[in-house]
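Tertiary structure, described
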Amino acid sequence: MPIELAVITLRYSSWSMRPWLALTHAGADFQTRTAEIQLEKQDSVGGVVQAQVDDLEARRAQGSVTGLWPVLHVDGVAIHEALAICEYAAERYPEADLWPSDPMRRAQARSFACEMATGFPNLREFLSCHPFARVPDYTPNPASQREIDRVFEIWDQCLEASGGPFLFGKFGIVDCMYFPVITRFATYGVVLPPRLQAYADEIWELPAVLAWRELALRSPRMNVYDDAILALGGDPDGALPAGDGLDDFGLEEASWDGPPEEWPRASEVLVAYASPLGVEDMPPETMQQAIAFAVSVWTAVVLADENADDGSLDDFREPAVGAAEAEIAEFLINRKRMLFPKDRRLMVVDFTASEGQVGVQVSWRLP
Ligand SMILES: N[C@@H](CCC(=O)N[C@@H](CS)C(=O)NCC(=O)O)C(=O)O
């Protein structure tokens, strides 16, 4: 039975990212299950999440144990706490060398991992994790700055002793534990000394990190995290350089109110969409078709909700559209926004529906 990592979100949750990276780097055969829950509010007191767990049973139905995530499920056993999951990965996949082999070095690595698991309350509270956001002109408060300095000290000490490229030479659990801090420094414009920047650069190129990024970009948005960035004057998508944008295609908004039989065949549209052309070179007609497809899916979903027998759902479930099913499934969960990742490019489609009309707004981002 494959193991399953239940996460709240790989887009924003630092705790979920850590064991996900450890498992992925170790080559574990596991599935990721993202909880279907929108967080309304997230308080942090002393850096510890004060989750509003008044729905524990509902959360347990989504794979949680304490009301928080991540949780690894292995043969009916639930392993919670990010660091405990990382430990499991290290023991189950010893060939991945997630801890240093030398006992003293391993003890030291565990010290730094534990320090991250239990410390740095100000980084957690004031520099919240949002890897794709950018907050310009951010000045950490003195308490946060002390913690930033401590992270610098740890990294410097580790890299000096190991010679890099990762904290203990090979990529391991300590790097997983500090990964969300690397993202935070980027989000809030914390300038790293050259040696530490070189370390961060190595991390961003790691296959497991690139794989996380792909999944995180497709992970549903959560307003509570985006709003925190907006409140600081930041851009929740600031790390994703905007493409030339919709205006270049002369398309600001398209609406589709025709009957289902007039919709373009989803498969035709997908073939066009899957054109090998780069996004920048995509001709307006192809873009138009992609939009039409997106709208037809949306409308089909709306209609299917109202009348499961209207046949519209079959239109996009035909075999030729199989490749899109993952996105569609994600969309069905998210109900608000659909992402089409292709060649690490992203098409973001925002929908509005009212009075039988569907409006769609499309924008491109080139990660
Ligand atoms: N000590 C836990 C912390 C887990 C945690 O705080 N998870 C957060 C996500 S970053 C959560 O599940 N929050 C749910 C909520 O706020 O309702 C661990 O190491 O796994």
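Before reading on, note that the structure itself is shown above.
Residues numbered from 1 in each chain as written. Predicted model: local features only at pLDDT ≥ 70, side-chain atom pairs only at ≥ 80, totals over all residues.

**Quick notes on the nonpolar core**
Core analysis: the biggest nonpolar cluster contains 58 residues, and Leu-21, Ala-22, Cys-86, Ile-173 and Val-174 have the highest contact counts within it. Top element by residues in this core is helix 7 (residues 173-187). It accounts for nine residues. Among residues more than four places away in sequence, those in contact with Leu-21 are Cys-176, Phe-179, Ala-208, Val-209 and Trp-212. (Core = buried A, V, L, I, M, F, W, Y, C linked by C-beta atoms within 7 Å. Buried ≥ 20, exposed ≤ 12 C-beta atoms within 10 Å, placed from the backbone. Helix = DSSP H or I, 4+ residues; strand = E, 2+ residues; numbered from the N terminus. Contact = placed C-beta atoms within 7 Å.)

**What to know about the sheet that holds strand 2 (residues 30-34)**
Read across the open sheet, the four strands follow the order 2-1-5-6; overall the sheet is mixed. Every interior strand has two partners, whereas the edge strands, strand 2 and strand 6 (77-80), have only one. Adjacent strand axes in the sheet meet at a mean angle of 25°, parallel and antiparallel pairs treated alike. In the sheet, strand 1 (residues 3-7) pairs with strand 5 (residues 71-74) via three bridges, with the strands oriented antiparallel. The residue of strand 5 that forms the bridge with Ala-6 is Val-71. Sheet contacts for helix 1 (residues 14-25): strand 1, strand 2 and strand 5; angle to strand 1, the most-contacted strand, approximately 155°. (Pairing = 2+ DSSP bridges. Axes fitted to C-alpha atoms, helices over the stretch in contact; angles between N-to-C directions.)

**A short note on helix 6 (residues 142-162)**
For helix 6, built from 21 residues, the straight-helix expectation of 30 Å at 1.5 Å per residue is met to within 8% by its first-to-last C-alpha distance of 30 Å. When helix 6 is considered as a whole, its buried residues turn out to be Ser-144, Glu-147, Ile-148, Val-151, Trp-155 and Cys-158. For helix 6, the buried positions fall inside an angular range of 105° around the axis, keeping them on one side. For helix 6, exposure combined with an orientation more than 90 degrees from the buried face picks out Pro-142, Arg-146, Asp-149, Glu-153 and Glu-160. Elements in contact with the buried residues of helix 6: helix 4 (103-118), helix 5 (121-126), helix 7 and helix 8 (194-205). Gly-163 occupies a position one or two residues after helix 6 and carries a positive phi of about 80°. (Expected span 1.5 Å × (residues − 1). Arc of directions from axis to C-beta.)

**Some remarks on the packing of helix 6 against helix 8**
Following both chains from N to C, one finds helix 6 and helix 8 inclined at 80°, their axes separated by 10 Å at the closest point. Taken together, the axis directions place helix 6 and helix 8 in an arrangement best described as roughly perpendicular. Only Arg-195, Leu-196 and Tyr-199 of helix 8 make contact with helix 6, whose side of the interface consists of Phe-152, Trp-155, Asp-156 and Leu-159. Across the contact of helix 6 with helix 8, the residue classes break down as five nonpolar, no polar and two charged. (Parallel < 35°, antiparallel > 145°, perpendicular 65-115°, else oblique. Nonpolar A, V, L, I, M, F, W, Y, C, P; charged D, E, K, R; others polar.)

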